[in-house]
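For reference, the chains in residue letters:
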Amino acid sequence: MPLLIDVFLCRSDNFGYLVHDIGSGRTAAIDAPDAKAIKEALQRRGWKLTDLFITHHHTDHVEGIPALKREYGVRVVGPKAEASKILGLEVLVSASDTVSLGETDFIVIETPGHTLGHIVYYDPAGRHLFSADALFSLGVGRMFEGKPGPMWNGLEELRALPDDTLVYPGHEYTASNAAFAMSVDPKNPALNIRATEVKRMVESGKYTIPVTLGLEKASNPFLRADQPALAKAMGLAADAEPAKVFAALRKAKDEFKG
């Protein structure tokens, strides 16, 4: 049985996600950025929250856990590596673990960098990837805690997933990411098409996600750090190590004023 996915904005630019397994009737929220917004989304859909799937410890992803746990008695799943930083976790998971939501299984993939214990949830049957702050459309999260090598390795693992995988990131940052991407990879045809589409979507009030992973592979500069064109854009040798190119891209994005 397929999943139903409800997408909504909360806080200032967080995406909220409700994932409803039709076969069992179980519903999970991916992260808990805002309990009120999640409750309103549940009421619109007529679903009962049974699970929280947490990706990392930052406040804008966990703040709603206590209130949702009190009201719904949910099962709270989250990264084993950040158990000491996230109150209320009950099921601790790490790389390659499987988390079931009724009849749907999610594979846990470790994506360190934004935080050291950051994880994402991938539904291989339905091809849904909830990437939180590891991977955005046309960007990646800031490298607050990790190192370039492990963060790049985590992105490589995500990049290896099928092209028709739908990516659901943690924030609506696509327009600003597109501006940076165009500054470093302006001759990329896929990026030019995506940037134009993003501008149209934003102007018409539409969400820029989900987006196919295939399109991200072709247009997101951070997923192309092993391409000579990106190494050249960063002033590095064409055969520079991808992790070094990735680090230069991340630094350039941090300093980007466009």
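For the structure, check the block above.
Residues numbered from 1 in each chain as written. Predicted model: local features only at pLDDT ≥ 70, side-chain atom pairs only at ≥ 80, totals over all residues. Heavy atoms only, no water.

1. Things to note about the overall build of the protein
Item 1. Scanning the protein from terminus to terminus reveals nine helices and 14 strands.
Item 2. Against the 2.2 N^0.38 benchmark of 18 Å for 258 residues, the protein shows a C-alpha radius of gyration of 18 Å, consistent with a compact globule.
Item 3. Expressed as lengths along the three principal axes of its C-alpha atoms, the size of the protein is roughly 55 × 40 × 30 Å.
Item 4. Counting contacts in the protein only where the partners sit at least 6 residues apart, residues at least 24 apart contribute 59% of the total.
Item 5. Surface accessibility of the protein: about 11,000 Å² in total, with carbon and sulfur atoms responsible for 53%.
Item 6. Charged side chains in the protein number 29 positive and 33 negative. The centres of these two groups are separated by 4 Å. (Helix = DSSP H or I, 4+ residues; strand = E, 2+ residues; numbered from the N terminus. Rg over C-alpha atoms; globule rule 2.2 N^0.38 Å. Contact = heavy atoms within 4.5 Å. Areas by Shrake-Rupley, 256 points an atom, 1.4 Å probe, with all protein chains shown as cover. Lys, Arg positive; Asp, Glu negative; His and termini not counted. Charge placed at Lys NZ, Arg CZ, Asp CG, Glu CD.)

2. What about the sheet that holds strand β6 (residues 91–93)?
Item 1. The six strands lie next to each other as β1-β2-β3-β4-β5-β6, forming an open sheet whose pairing is mixed. Pairing within the sheet leaves two strands with one partner each, and these edge strands are β1 (3–10) and β6. With direction set aside, neighbouring strand axes in the sheet form an average angle of 20 degrees.
Item 2. Relative to strand β4 (residues 51–53), strand β3 (residues 27–30) runs parallel, the two sharing three bridges. When the bridges of β4 are listed, I30 appears paired with F53. (Pairing = 2+ DSSP bridges. Axes fitted to C-alpha atoms, helices over the stretch in contact; angles between N-to-C directions.)

3. Examining the pattern of salt bridges
Item 1. What the rule picks out here adds up to 17 salt bridges.
Item 2. Between R127 and D164 there is a salt bridge; the shortest N-O distance is 2.6 Å. Placement of R127 in the loop between β9 (119–123) and β10 (128–132) and of D164 in the loop between α4 (148–159) and β13 (166–169) is noted, with a sequence separation of 37 residues between them.
Item 3. For R127, a relative accessible area of 30% corresponds to the partly exposed category.
Item 4. With a relative accessible area of 47%, D164 lands in the partly exposed category.
Item 5. Linking R250 and D254 is a salt bridge whose minimum nitrogen-to-oxygen distance equals 2.7 Å. Taken together, the residues span about one helical turn, with R250 and D254 both in helix α9 (residues 242–255) at a distance of four residues.
Item 6. Residue classification places R250 among the buried residues on the basis of a relative accessible area of 3%. (Salt bridge = Lys/Arg side-chain N within 4 Å of Asp/Glu carboxyl O. Buried < 20%, exposed > 50% of the residue type's maximum accessible area, 1.4 Å probe, protein only.)

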